[in-house]
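Given next are the chains, with one letter for each unit.
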Amino acid sequence: MAGSIPVVPPLSMIAIGASTGGTEAISTLMAGLRPPLPGIVIVQHIPAVFSRLFAERLDAECFLHVKE
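Scoring rules and cut-offs
- One numbering rule holds for all chains: residues counted from 1, following each sequence as written.
- Where totals are concerned, whole chains, interfaces and linings use all residues; where local detail is concerned, this predicted model gives features only for residues with pLDDT of at least 70, and gives and counts side-chain atom pairs only at 80 or more.
- Side-chain numbers here rest on the full set of heavy atoms in the structure, without hydrogens or water.
- Salt bridges are defined as contacts in which a side-chain nitrogen from Lys or Arg sits within 4 Å of a carboxyl oxygen from Asp or Glu.
- Put simply, DSSP marks the helices as runs of H or I at least four residues long and the strands as runs of E at least two long, and each gets a number from the N terminus on.
- Working rule for helices: expected span equals 1.5 Å times residues minus one.
- Summary of the burial criterion: residues with accessible area below 20% of their type's maximum are buried, those above 50% are exposed, and those between are partly exposed, where the area comes from a 1.4 Å probe applied to protein chains only.
- Note: the arc covers the axis-to-C-beta directions of the helix.
- Every residue pair with non-hydrogen atoms within 4.5 Å of one another is taken to be in contact.

Mind showing me how you'd approach the pattern of salt bridges here?
A pair can form between side chains of opposite charge whenever their charged atoms are brought close. In the structure shown here, the tally under the stated rule is three salt bridges. A salt bridge links Glu24 to Arg57; the shortest N-O distance between them is 2.8 Å. Taken together, the positions of Glu24 in helix 1 (residues 23-31) and Arg57 in helix 2 (residues 48-61) put the pair 33 residues apart, joining distant regions of the chain. Close ionic contact of Glu56 with Arg52 constitutes a salt bridge, the shortest N to O distance being 2.9 Å. Separated by four residues within a single helix, Glu56 and Arg52 lie in helix 2, roughly one turn from each other. Through salt bridges with shared partners, a single network forms among Glu24, Arg57 and Glu61.

And the structure:
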């Protein structure tokens, strides 16, 4: 039907992935997000010893609760 608006199902999850240099991009993206949102899963290629610190930093910087 011409002119009809497509039906978009609600999101059940948002997935974000980045390589080692992507921490600043993820930080910028997360700072712009506001609830309500579906669950967000982030895959970040960084050494394991830094992942907890990165999650804590995101939790402090954005409006969403972030945990490792």
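This is not the end of the story, as more comes after the structure.
Honestly, helix 2 in this entry has me stumped. Any pointers?
The periodicity of an α-helix, 3.6 residues per turn, causes residues three or four places apart in sequence to face the same way. Over its 14 residues, helix 2 runs 21 Å from end to end, which matches the ideal 20 Å to within 8%, given 1.5 Å per residue. When helix 2 is considered as a whole, its buried residues turn out to be Phe54, Ala55 and Leu58. Along the axis of helix 2, the buried positions cluster into a sector of 100°, meaning they face one direction only. Residues Val49 and Ala60 are exposed on helix 2 and point more than 90 degrees away from its buried face. On its buried side, helix 2 packs onto helix 1 and strand 2 (39-44).

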